[in-house]
Amino acid sequence: MTWFRDGRWMGLAAMLLTAAVACGGTAATGSTSVAGVKAGHLEVGVLWPQGSPEFPAAERVGNQLIKKVPGTTITYTFANTAARPKLDLRWQQGDPPDVDQVFNGASPSTYHLATDDQLYDLTNDVKTTQWDNGQSWEQAIRPAFRPFLTYQGKYLAVPDQAVLIGLYFNQKVLNENGVKPPQTWGDLMNACSTLNAKGIAPIEVAGTSPYYKGMWFDYLLMREVGPQAAFDIAWGKTRAADNPGVLRAAQHLQEMVQNHCFAKGFEGSQFTAVQLDFFRGKAGMILMGTWLVGEMKTSIPSDFQLGITPFPTLPDGASAGQQALFGTAFAWSVAAKSKDPKLAVEYLRLEQSKQEQAQRAKDLGNISPYTGVPVPAGVSGLDNLLAKTDKTSVTIYYFGLNKDKQHSDAWYTPVAQLFFGKIDPQQMVSQIDANEANLKK
Amino acid sequence: MERSMRPLFWPMTAPALALYWLVFGIPALLTVAYSVVQVSGGGVEFVGAARYLRALHDHFFWSAMLHTFQYAAEGTVLLFVPGLYLAWCLSQVKRFQRLFRVLVFAPVVMSALVVSLIWKFIYNPNWGLLNQTLHSLHLDFLARQWLGDTSTAMTAVVIAAVWHSIGLWVVLIGAGLERIHPEVLEAAKVDGAGAWQEFVWVTLPQLFPVLRSLAILWLIESMHAFTWVYVMTEGGPINSTEVAATYVYAIAFQSQDFGYATALATIVLAATALVAVLAFRVLYRRDVVEVAA
C-alpha cells in the first residue's frame, strides 16, 4: 500500500472527482458531457447515400458521437424516398432503425406510429436539455415548427430542417420587365399580363405532378378560408360545397389558367424540366418548396439572381389565411425498440447543435428550424420568409395528403381537371365532395 | 409417363417446385393472409373481408383496373401487328439477317427504367425529339402534350413499352416462321396462292401456337405494368394512366396501408389468373378447331 502512503492517492482522487463533475453536469448540445449515455450500436437513417457529396455531414455527426462516447459504432442507412418502402416495412414488422424520419405531427397517416407506441417519447429530453443558446432544446425550435414534432402533447421527433413553400422569382427577369415580386393577387395578375406581353412565361409549373399543380390551389384555398378550414376540407372533414371560399379559390385558379399565367406546354412537363427552364431564365416565377436550391444546385447559373416571396394575399379572403405559410419540419424520431435510446438522442442533439445547423445551412443550403441559425446565402427574401413563421402558422404542405393515396386522388384529381380546363370551378367543388363521400363508404 | 422415367421425376422437378414455392407460392399465400389481418408493430388482428369490401367502393382502383386492360389492348395491337410484320420482313431478308435481328433486339437488353426515361424526354412538349421533329417537318398540327394529354398519355406509354419489348417478339415469331416447312409454302404456291394469301392462309395458322403463347404472356405482363407508368407519368395526367400495379404500390408505400394493398394485390392476382385462363381457353379452342378441321 505504498501508493497510499506516498500521497499518489490524492492524484487519483482528483482525477475521479474531475470525471464525476464532468459527467454529472446538465448535458448541453455540442458540449463534451454525455450524462447517462453508454456506448452501443446505432443504426441511423440518413437522407443521402454513402459516397454522395452530402453524406460527410451525417458522418461528421456520427464521428462526434463516437469521440464523445468511445466504443460506439454507427451504421448509416439510406432513408430517403427510394429507400422508404423497405424501411416502412421494417417499421411494420417491428424491426426499425434506431433513428429514422417517419413521424410528422401534422400528417395523420403517421399517427399510427404514435398510437402503437413505436416511437420513443422525447418530451423529457426536449424540455430539460439545454441548447447552445442557453434556452431549452424545445425553446430553441421556432414555435411554428413545433406542431410537426408532437402528438397529443408528446414530442416524438426533433427537427433538423425547415421547409417552406414560397414563390421563387428570377430577379433579373422581373427587373428587366418592370415587374415587382407579387405581394397581392392583383400584383400576380399584373405580373402575368406584363410578362406574357413581353413573350416571357410568367410561371413555371410541372403539369405532370399533381402536387406541384395542387400547391397553387392549396395556397389559394388557404388564403380564402384560413389554414384550419382548408385543412378540414382537404381531408374531407367538412364539405367543400359548404364553404363558398372553395369556389372562389377555384375561380382564381381558373382565372390564372385562362390568363395564360402558366408556361406554354405545362400540361406535359415534368418537374425537373420546368425547374431547369426556370433557371435558364425562361420564366419569371415558380412556386416551390425551399428544397429547390439544394435539388438544383448544380444547374443554377452562378449569376442567377434568385428571390423568394410569400404567396400573394387575396383581398377577399379570410384574414387568418393571408399570412399563413405552407411548409413542414423534416424531423427525426427514435424507435421505442431502440436498444440505446439515450445514445440515439445524443446523436440527434449533436446533429441539431447550432454549429452543425449553421454548417449545413452553409454547405447544403438547409434552412434551420432553430432560432439564431443564419439562413443559407444566395436567395433574397429567404430570411424574411423564415422570420414570418414567428408571426403566423405553418401548415403542412399538400395538407399531408401526399402520404395518403386515396385522399390525395380525391383532392388533386379534380384540381388537375380544373387546371387542364376539363371542368369548371363549380364542377370541381362537387367532384371533391363526391370523391370524399365515396371514401367514406 | 414412361416407367423408366418415373425414378427421375421428383429429383428433376423438386428444385423447380421448391423455387416456385419460394418465390411465388409462399409470397402469394402470405399476401392473401396479410389481406385479412392487421399487422402493426408486431401485433396481429383478424379483420376478415373488410378490405375487400372497401375495395368494392374504391372507384380509383377500378378505374386503374380499367386502364390496365386499356394498356393490354393497346399493347396487343401495337405489339403484334408490327411485330409480325417485322418478323416476316426479316425472314425475307437474305443478307445481313443477323445484323437486322441484333438491331431489332437491341432495345430488349436495355433497362426498362432507362428506356422509359429516354422516351419521357422524347415526349417532352417543349424540347422533346418528337415535337421538334414534327416542327421541323412543318407538321406542327400533329405536335401534342404527349404525356400531358389524357387522350394520348396511355398510348404514348404503351408505345415506349412496345418499343422496348418488340425485339423479343420479333425473334420468337421469326423462330416460328423458320419452323414452317418450305414444302408447305411451296405447295401453296403451286396451288396458285399469292403472297398475301400464302401469309394469311398458310403462314399465320402455322404461327398460331407461338402467337397464342405470346398473347398470353403479354396479357400477364400487362396486368403487372409498372415501370413505364411509374417513371413516365406516375399515373397522370388526371389519373388517366394509373394502372393496377402503380395504384397498389401507392397504397402500400405512399399511404403505408400495407393491409389494404395486399387485398388489392390479391384481387389483381385473381384477375391476372382469370385473364390468363380465359385467354388460354379461347385461344386453345381455336387451335383445336383448326387442327380438327
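Note: the structure precedes this text.
Residues numbered from 1 in each chain as written. Chains lettered and ligands numbered in written order. Predicted model: local features only at pLDDT ≥ 70, side-chain atom pairs only at ≥ 80, totals over all residues. Heavy atoms only, no water.

Of the regular secondary structure elements, chain A holds 19 helices and 12 strands. For 441 residues, the compact-globule estimate of 2.2 N^0.38 gives 22 Å, and chain A sits close to it at 25 Å. On the principal axes, the C-alpha backbone points of chain A span a range of 95 × 55 × 40 Å. Expressed as a percentage of its 441 residues, the buried residues of chain A come to 58%. Considering only residue pairs separated by 6 or more positions, chain A has 76% of its internal contacts joining residues 24 or more positions apart. Summing over all exposed atoms, chain A offers an accessible surface of approximately 18000 Å²; the carbon and sulfur share of this is 54%. Here chain A holds 39 positive side-chain charges and 40 negative ones, and the gap between their average locations is 4 Å. (Helix = DSSP H or I, 4+ residues; strand = E, 2+ residues; numbered from the N terminus. Rg over C-alpha atoms; globule rule 2.2 N^0.38 Å. Buried < 20%, exposed > 50% of the residue type's maximum accessible area, 1.4 Å probe, protein only. Contact = heavy atoms within 4.5 Å. Areas by Shrake-Rupley, 256 points an atom, 1.4 Å probe, with all protein chains shown as cover. Lys, Arg positive; Asp, Glu negative; His and termini not counted. Charge placed at Lys NZ, Arg CZ, Asp CG, Glu CD.)

Now for the pairing of strand β6 (residues 158-170) of chain A. Residues and elements named next belong to chain A. Of all 13 residues in β6, 13 are buried, a share of seventy percent or more. In this structure, β6 lies alongside strand β10 (residues 325-334), joined through 7 bridges in antiparallel fashion. Across the sheet, Gln161 pairs through a bridge with Phe330, a residue of β10. Of the strand pairs in this sheet, β6 and strand β8 (residues 283-289) are connected by 5 bridges, and their pairing is antiparallel. Across the sheet, Ile165 pairs through a bridge with Gly289, a residue of β8. Where β6 meets strand β9 (residues 306-309), 4 bridges bridge the pair, whose relative direction is antiparallel. Across the sheet, residue Asn170 finds its bridge partner in β9, namely Leu306. (Pairing = 2+ DSSP bridges.)

Our next topic: the interface of chain B and chain A. Tallying the contact residues gives 33 residues for chain B and 37 residues for chain A. Together chain B and chain A conceal approximately 3000 Å² of surface at their shared face, both sides included; 51% is due to carbon and sulfur atoms. A per-residue breakdown of the area chain B buries against chain A is headed by Phe60(B), Ile238(B) and Gln254(B), which together make up 20% of the total. Seen at the junction of chain B and chain A, the total is 1 salt bridge. For the interface between chain B and chain A, the tally reads 12 residue pairs in polar contact (both at pLDDT 80 or more). Looking at the side of chain B that touches chain A, the elements that each hand over two or more residues are β1 (37-40), α3 (59-92), α11 (244-253) and α12 (258-292) of chain B. (Buried area = accessible area lost by both parts, 1.4 Å probe. Salt bridge = Lys/Arg side-chain N within 4 Å of Asp/Glu carboxyl O. Polar contact = N/O pair within 3.5 Å; in protein donor to acceptor, adjacent residues only side chain to side chain.)

Residues Trp216(A), Phe217(A), Tyr347(A) and Trp411(A) are the most contacted members of the largest nonpolar core, which totals 137 residues. Core analysis: the next-biggest nonpolar cluster, separate from the first, contains 38 residues, Leu84(B), Val157(B), Val158(B) and Val170(B) among them. (Core = buried A, V, L, I, M, F, W, Y, C linked by side-chain atoms within 4.5 Å.)

On to the side chain of Arg142(A), then. Residue and element names in this part refer to chain A. Along the chain, Arg142 turns up in the loop between α7 (137-140) and β4 (150-151). What makes Arg142 buried here is its relative accessible area of 10%. A polar side-chain atom of Arg142 sits 3.0 Å from a polar atom in the side chain of Asp390. Once you skip the residues sitting within four places of it in the chain, Arg142 turns out to touch Ser368, Pro369, Tyr370, Thr371, Leu386, Ala387, Thr389 and Asp390.

A few words now on the state of the cysteines. All names here are of chain A. Taken as a whole, this structure holds 1 disulfide over all chains when the rule is applied. Between the sulfur of Cys192 and that of Cys261 lies a disulfide, 2.3 Å long from S to S. Judged by the torsion about the S-S bond (125 degrees), the Cys192/Cys261 disulfide is right-handed. Taken together, the residues Cys192 in helix α9 (residues 185-197) and Cys261 in the loop between α12 (244-258) and α13 (271-279) connect sequence positions 69 residues apart. For the pair formed by Cys192 and Cys261, the shared burial category is buried. (Disulfide = S-S within 2.5 Å.)

We now examine the environment of Leu274(B). Residue and element names in this part refer to chain B. Following the sequence through the fold, Leu274 ends up in helix α12. The class for Leu274 is exposed, based on a relative accessible area of 53%. The spacing of Leu274 and Thr246 is 28 residues in sequence and 20 Å in space, taken between C-alpha atoms.

All names here are of chain A. Pairing between strand β1 (residues 41-46) and strand β2 (residues 73-78): 6 bridges, direction parallel. In the sheet register, Leu42 faces β2, and the bridge partner there is Ile74. This β-α-β element, β1 to helix α3 (residues 55-68) to β2, shows right-handed connectivity. (Right-handed = clockwise from strand over helix to strand, strands pointing away.)

Glancing now at helix α9 (residues 195-223) of chain B. Every α-helical turn comprises 3.6 residues, leaving residues that sit three or four positions apart pointing alike. Over its 29 residues, α9(B) extends only 36 Å from the first C-alpha to the last, a length that falls short of the 42 Å expected when each residue adds 1.5 Å. Along α9(B), the sharpest change in direction is near 55 degrees and occurs at Phe208(B); proline Pro209(B) comes one to four residues later. (Expected span 1.5 Å × (residues − 1). Bend = angle between axes of the 7 residues up to and from the residue.)

Another point: the pattern of salt bridges. Residues and elements named next belong to chain A. Inspection of every chain in the model, using the stated rule, returns 21 salt bridges over all chains. Residue Glu346 pairs with Arg349 through a salt bridge whose shortest N-O separation is 2.4 Å. Placement of the pair is Glu346 and Arg349 together in helix α15 (residues 341-351), with a separation of 3 residues, close to one helical turn. Glu346 gets classed as buried once you look at its relative accessible area, which sits at 3%.

This part covers the environment of His112(A). Residues and elements named next belong to chain A. Considering the arrangement of structural elements, one finds His112 in helix α5 (residues 111-115). Judged by its relative accessible area of 26%, His112 falls in the partly exposed class. Remark: the alpha-carbon pair of His112 and Lys391, spanning 279 residues in sequence, is separated by 31 Å.

Here we take up the packing of aromatic side chains. All names here are of chain A. Tallying each qualifying case throughout the model produces 41 aromatic pairs over all chains. Taking 5.0 Å as the distance between ring centres and 65 degrees as the angle between the ring planes, the aromatic pair formed by Phe279 and Phe304 counts as edge-to-face. Of this pair, Phe279 sits in helix α13 while Phe304 sits in the loop between α14 (292-295) and β9, and the two are 25 residues apart along the sequence. On the accessibility criterion, Phe279 (2% relative accessible area) is buried. (Phe/Tyr/Trp six-rings, centres within 6.5 Å; stacked < 30°, edge-to-face > 60°.)

This part is about helix α5 (residues 112-122) of chain B. Residues and elements named next belong to chain B. Among the residues of α5, those classed as buried are Val115, Ser116, Trp119, Lys120 and Ile122. Burial along α5 is one-sided: seen end-on, the buried residues are contained in an arc of 155 degrees. In the core, the buried residues of α5 are packed alongside α4 (97-109), α6 (129-136), α7 (153-178) and α10 (227-232). (Arc of directions from axis to C-beta.)

As a further point, take the packing of α3(A) against α15(A). Residues and elements named next belong to chain A. Where α3 contacts α15, the axes come no closer than 9 Å and their chain directions differ by 125 degrees. In terms of axis orientation, α3 runs oblique to α15. As for the relative orientation of α3 and α15, their crossing is right-handed in sense. Between α3, through Ala58, Val61, Gly62, Gln64, Leu65 and Lys68, and α15, the contact on the second element is made entirely by Leu343, Glu346, Tyr347, Leu350 and Glu351. Its residues placed into classes, the contact of α3 with α15 shows 6 nonpolar, 2 polar and 3 charged. (Axes fitted to C-alpha atoms, helices over the stretch in contact; angles between N-to-C directions. Parallel < 35°, antiparallel > 145°, perpendicular 65-115°, else oblique. Left-handed = near helix turned anticlockwise from the far one by under 90°. Nonpolar A, V, L, I, M, F, W, Y, C, P; charged D, E, K, R; others polar.)

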